[in-house]
Amino acid sequence: MKQPIIYSTRPFRDEFIKQIQTFAPNYQFKTELTPAELSQVEISLGWNREFQSELLASNNLKWVQSISAGVDTLPLEEFSKHDILLSNGSGIHSESIAEHLMGVIFGYSRGLFQAQKAQVSQNWLGSSVHYQAIQNKKLLIIGTGRIGKMVAQRAEVFGMEIYGINTTGRPVEHIKETFPLAKLKEVLPTMDIVINILPLTEQTNGLFNQELFTFFSPTALFINVGRGPSVKTNELIDALKQKKLAFAALDVFEEEPLPENSPLWSMENVLITPHIAGLTPHFQTKFMDIFLKNLESYLSTQTLVVNQVQLLSGY
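Residues numbered from 1 in each chain as written. Predicted model: local features only at pLDDT ≥ 70, side-chain atom pairs only at ≥ 80, totals over all residues. Heavy atoms only, no water.

For any two aromatic rings, the description comes down to two numbers: the centre-to-centre distance and the angle of the planes. Counted according to the given criterion, the structure contains 14 aromatic pairs. Measuring from ring centre to ring centre gives 5.2 Å for Trp47 and Phe79, while their planes differ by 85 degrees; the resulting arrangement is edge-to-face. On the criterion of sequence distance, the pair formed by Trp47 in the loop between β3 (41-45) and α2 (52-58) and Phe79 in helix α3 (residues 76-81) is long-range, its members being 32 residues apart. The pair formed by Trp47 and Phe79 is uniform in burial state, with each residue classed as buried. (Phe/Tyr/Trp six-rings, centres within 6.5 Å; stacked < 30°, edge-to-face > 60°. Helix = DSSP H or I, 4+ residues; strand = E, 2+ residues; numbered from the N terminus. Buried < 20%, exposed > 50% of the residue type's maximum accessible area, 1.4 Å probe, protein only.)

A sheet is described by the order of its strands in space; here seven strands give the open sequence β8-β7-β6-β9-β10-β11-β12, paired in parallel fashion. The open sheet has two edge strands, β8 (177-180) and β12 (270-272), and neither has a second partner. Averaged over all pairs of adjacent strands, the angle between their axes in this sheet comes to 15 degrees, without regard to strand direction. Inspection of the sheet shows strand β10 (residues 221-224) paired to strand β11 (residues 247-250) by four bridges, in the parallel sense. Looking at β11, one finds that Phe222 is bridged to Ala248. Each of β6 (138-142), β9 (193-196), β10, β11 and β12 is contacted by helix α4 (residues 94-109), which is oriented at about 155 degrees to β10, the strand it contacts most. Where helix α9 (residues 233-241) meets the sheet, it contacts β10, β11 and β12, and its direction lies at approximately 150 degrees from that of β11. (Pairing = 2+ DSSP bridges. Axes fitted to C-alpha atoms, helices over the stretch in contact; angles between N-to-C directions. Contact = heavy atoms within 4.5 Å.)

With that settled, the discussion passes to empty space enclosed by the protein. All chains considered together, the criterion is met by two cavities of 30 Å³ or more. The calculated volume of the largest cavity comes to roughly 40 Å³. Asn224, Gly228, Val231, Thr233, Leu236, Leu250, Val252, Phe253, Glu254 and Leu264 together form the lining of the largest cavity. When the residues that make up the lining of the largest cavity are grouped by side-chain class, the tally is six nonpolar, three polar and one charged. Together, His100, Val104, Ile223, Asn224, Val225, Ala249, Leu250, Asp251, Leu271, Ile272 and Thr273 line the second largest cavity. Every element with two or more residues in the lining of the second largest cavity is listed here: α4, β10, β11 and β12. (1 Å grid on protein atoms, 1.4 Å probe; cavity = no way out; pocket = protein on both sides within 12 Å on 5 of 7 lines; lining within 4 Å. Points joined across faces, edges and corners; volume = space filled by probe spheres on them. Nonpolar A, V, L, I, M, F, W, Y, C, P; charged D, E, K, R; others polar.)

Rendered as structure tokens:
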């Protein structure tokens, strides 16, 4: 009988491969597959769309460990149909994204982005630069999972007034008050800084659209580090031109890379970062902490103990 395969879509250091082999001595660990080996894959570490049909058709695939926190690009309905377990990398990027968000808040509030652009044209802005204190500013975190909690913890230190949006409005530590997603329009007008960290689901796809932007304060800073398709790009551009909000800092986009002809590139009230908020030092160590715990559990009980995704909800 052929050995089952743990297939990884990316390489890992030898120390981690040895740990995997210690936990699963009866499995082969591979980062490349021949066509004949596709039917032997039982565990997929990451997801290779090129092999999607073959992996699903084999009926031997039992568990997919997503490398990212977001799983909206995966065939969730097919996983459900084939009873395939799914876990994600949620929590790995929390500190990095929280630091990115605080950097954006400080950069905007102290006029650093404005000054950096002026430097290119050797323009001395002086006191005309935009600046504001962040103490007592109202911060709305839309998506109060691990990243949202980390952001709230960081922002609390600087005296910000923190509010949150989640599915049900359940209370969250470090957040003054939380509201259900259904009340987002009621909450938005009073918020100074709005951060989107929501996963992409049917409910959140295109959530930030022309109608929703009319509820923003015209002085609001909007930051998106969630999922690109949650924001209707053209409608955000219109809202910025119409000054329905003051500034947008965008790390994710409907189309990536952002097309060269996008108006966003040249807009003075926009900061573009190329999907870098989640770049994380010691990523492999943090990721393997999740995977190895799940591997041990899977091999003993066919269950996952960390970050199992509910396939029907998508998170």
